[in-house]
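Spelled out, the chains give:
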Amino acid sequence: MAQIHSSKFWSCILIFITLFSIPSDVFVDALETMKLKNGDMIDCVDIQKQLAFSHPLLTNHTLQIKPTSNPTDLLGVNSKIEPLEHVFEPCQCPEGTIPIIRNQSDFPTLKATSAELEYAQVSLLNGRFSGAQAGIGTWNPHVELKNEGSSALIWVIGSQSGKPGEFINAGWTVNTAENNARFLIQWTADNFVKTGCSNLNCPGFVQTSSKFVIGAPVRQISTVGGAQYELFVKIYQDKKTGNWWLQVQTDVIGYWPKKLFKKLADKADMVSWGGTVSNSKRYGRHTSTDMGSGHSPSGGYGKSAFFLFLGYGQESYIFRAPEKNILVPYATKPNCYDIHVVDETPITYGRYFFYGGPGFSGRCRN
């Protein structure tokens, strides 16, 4: 199977995918420029001059080049994670620089609006969590309208009673600009009221990798009845510094400094895994945008989208697989997009679940 060889909190979040352009002066100091085979123009920018350090909370921030700790990846027996260059087009900037896509105006950014963001996910609640991981099945779901999108993500959340929440997430997303899955990260300290963005569209995330392009297209895409691929993503807290690190495949990419947050400066109290779809209801009906493969969870392996190797960390910083009875499944509209956590935990797949759906159908009208 593997190629990797609540919630009321969520129901009140109403956001959709809009477009955002990075100011052109971000790339003034590019030390090298390259064009990838997929057409993306990449600028290699001095790691010390990246946008992150213009955040007022990071004015005197000391760059952390690598984590002081990294919990062991939780994988199945005989499973291994493929190299980064198998999943994404290779890109290598000079040492001391980071690669940034030149024009990100085609890529999604979350902003508050009245469109509905629908979920099919599982969560661990009311804990003290130091991270989460999964092998996220990759797909190119159909997206109906240009202000809609479909994503598969891992969330690490610091919820605050009666106040906007803090969260960071990572995974892949698809919108109509290309109808091709691209890597995505997001963060906010106040549920996008005043802070946060996607990818490197605002100061915040500190990239340390010189060979990974945040926002890059995913090359290995699953097909119904064909090959199944996964993207391995892990978000974890550095035991010493408290910064939240991002790992993609086996590579450490960078971190969200703990100074950006209040709740997450300590620990997360919730972690989640699953899919999202932005439903604009433009035609007075539910969107026909797919979640995952576009098939319901009942289709099983080879047809339905999945998350494998679910793992989470707590105070010990050791990752473990969650028992099914502590996972809280949640689907905004089960007739449109649903989720099914598999009872068994095979030694080859770990804890896993199927999720998704086609959106508008005879069972899903509004």
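Residues numbered from 1 in each chain as written. Predicted model: local features only at pLDDT ≥ 70, side-chain atom pairs only at ≥ 80, totals over all residues. Heavy atoms only, no water.

### A word on the overall build of the protein
And then number 1: Each helix and strand counted, the protein has 2 helices and 20 strands in total.
And then number 2: Put simply, the protein shows about 14,300 Å² of open surface, and 50% of that area lies on carbon and sulfur atoms. (Helix = DSSP H or I, 4+ residues; strand = E, 2+ residues; numbered from the N terminus. Areas by Shrake-Rupley, 256 points an atom, 1.4 Å probe, with all protein chains shown as cover.)

### Focus on unusual backbone geometry
And then number 1: For Asn191, which is not a glycine, the phi torsion comes out positive at approximately 55°.
And then number 2: Unusually for a residue other than glycine, Lys281 sits at a positive phi of about 55°.
And then number 3: Along the polypeptide, Lys281 turns up in the loop between strand E16 (268-279) and strand E17 (305-313).

### Section: the sheet that holds strand E19 (residues 338-341)
And then number 1: Sheet architecture is open: 8 strands sit in the order E12-E15-E14-E13-E7-E17-E20-E19, paired in antiparallel fashion. Where the open sheet ends on each side, the last strands, each with one partner, are strand E12 (206-207) and E19.
And then number 2: Of the pairings in the sheet, the one linking strand E7 (residues 131-137) to E17 comprises 5 bridges and is antiparallel in character. Looking at the pairing, Ile136 lines up with Phe307 of E17. (Pairing = 2+ DSSP bridges.)

### Some words on the nonpolar core
And then number 1: Ranked by internal contacts, the top residues of the largest apolar core, which has 82 residues, are Phe88, Trp172, Phe183, Leu246, Trp256, Trp273 and Phe307.
And then number 2: Non-local contacts of Phe88, meaning those with residues more than four positions away in its chain, are made with Phe183, Phe212, Ala216, Pro217, Val218, Arg219, Leu231 and Val248. (Core = buried A, V, L, I, M, F, W, Y, C linked by side-chain atoms within 4.5 Å. Buried < 20%, exposed > 50% of the residue type's maximum accessible area, 1.4 Å probe, protein only. Contact = heavy atoms within 4.5 Å.)

### Looking at the pattern of salt bridges
And then number 1: Applying the stated rule across the entire model yields 12 salt bridges.
And then number 2: Arg182 serves as the salt-bridge partner of Asp40, at 3.1 Å between the closest nitrogen and oxygen. You can see Asp40 sitting in the loop between strand E2 (30-35) and strand E3 (41-46) and its partner Arg182 sitting in strand E10 (residues 182-188), a full 142 residues away along the chain.
And then number 3: Overall, Asp40 belongs to the buried group, its relative accessible area being 9%.
And then number 4: On the basis of relative accessibility, which here comes to 5%, the residue Arg182 falls in the buried class.
And then number 5: Between Lys263 and Asp269 there is a salt bridge whose closest N-O contact spans 3.8 Å.
And then number 6: The exposure class assigned to Asp269 is buried, which follows from its relative accessible area of 12%.
And then number 7: Here the salt bridges share partners, and the residues they tie into one network are Glu116, Glu118, Lys281 and Lys333. (Salt bridge = Lys/Arg side-chain N within 4 Å of Asp/Glu carboxyl O.)

### Quick word on the pairing of strand E13 (residues 230-237)
And then number 1: Most of E13 sits out of view: 8 of its 8 residues are buried.
And then number 2: Burial along E13 is two-sided: Glu230, Phe232, Lys234 and Tyr236 facing one way and Leu231, Val233, Ile235 and Gln237 facing the other are all buried.
And then number 3: Across 7 bridges, the pairing between E7 and E13 is antiparallel. Counterpart to Ala134 in the pairing with E13 is Val233.

### Quick notes on the pairing of strand E4 (residues 97-101)
Side chains on a regular strand alternate between the two faces of the sheet.
And then number 1: Of all 5 residues in E4, 5 are buried, a share of seventy percent or more.
And then number 2: Covered by surrounding structure in E4 are Thr97, Pro99 and Ile101 together with Ile98 and Ile100, the residues of both alternating faces.
And then number 3: Both E3 and E4 contribute to a ladder of 5 bridges, which runs antiparallel. In the sheet register, Asp43 faces E4, and the bridge partner there is Ile100.

### Brief notes about the sheet that holds E4
Sheet strands associate in pairs through backbone hydrogen bonding, adopting either a parallel or an antiparallel arrangement.
And then number 1: Spatial ordering of the open sheet is given by E2-E3-E4, a layout of 3 strands whose pairing is antiparallel. Across the chains shown, the open sheet's two edge strands, defined by having one partner strand only, are E2 and E4. In this sheet, neighbouring strand axes are inclined to one another by 25° on average, regardless of whether the strands run parallel or antiparallel. (Axes fitted to C-alpha atoms, helices over the stretch in contact; angles between N-to-C directions.)

### Comments concerning the state of the cysteines
And then number 1: The full count for this structure, using the stated rule, is 3 disulfides.
And then number 2: Here Cys44 is linked by a disulfide to Cys93, with a sulfur-sulfur distance of 2.0 Å. The S-S bond linking Cys44 to Cys93 shows a torsion near -80°; that makes this disulfide left-handed. Of the two residues, Cys44 sits in strand E3 while Cys93 sits in the loop between helix H2 (84-87) and E4, which places them 49 residues apart along the sequence.
And then number 3: Relative accessible area serves as the criterion here: at 3%, Cys93 is assigned to the buried category.
And then number 4: Note that Cys336 is cross-linked by a disulfide to Cys364, the S-S spacing being 2.0 Å. Between Cys336 and Cys364, the disulfide has an S-S torsion of 95° and is therefore right-handed. Remark: Cys364 occurs in the segment after strand E20 (353-356) and Cys336 occurs in the loop between strand E18 (328-331) and E19; sequence separation between them is 28 residues. Comparing Cys336 with Cys364, the two get one shared label, buried.
And then number 5: Sequence-ordered numbering of the bonded cysteines in the protein gives a disulfide pattern of 1-2, 3-4, 5-6.
And then number 6: Distance from the sulfur of Cys91, which forms no disulfide, to the nearest cysteine sulfur (Cys93) is 4.8 Å. (Disulfide = S-S within 2.5 Å.)

### A few points about the packing of aromatic side chains
And then number 1: On inspection of all chains with the given rule, the structure shows 16 aromatic pairs.
And then number 2: Arranged with centres 6.0 Å apart and planes meeting at 80°, the rings of Phe129 and Tyr312 form a pair that is edge-to-face. One end of the pair, Phe129, is in strand E6 (residues 116-129); the other, Tyr312, is in strand E17, with 183 residues separating them in the sequence. Both residues of the pair, Phe129 and Tyr312, belong to the buried class. (Phe/Tyr/Trp six-rings, centres within 6.5 Å; stacked < 30°, edge-to-face > 60°.)

Without other data, these values stay purely geometric and don't point to any function.
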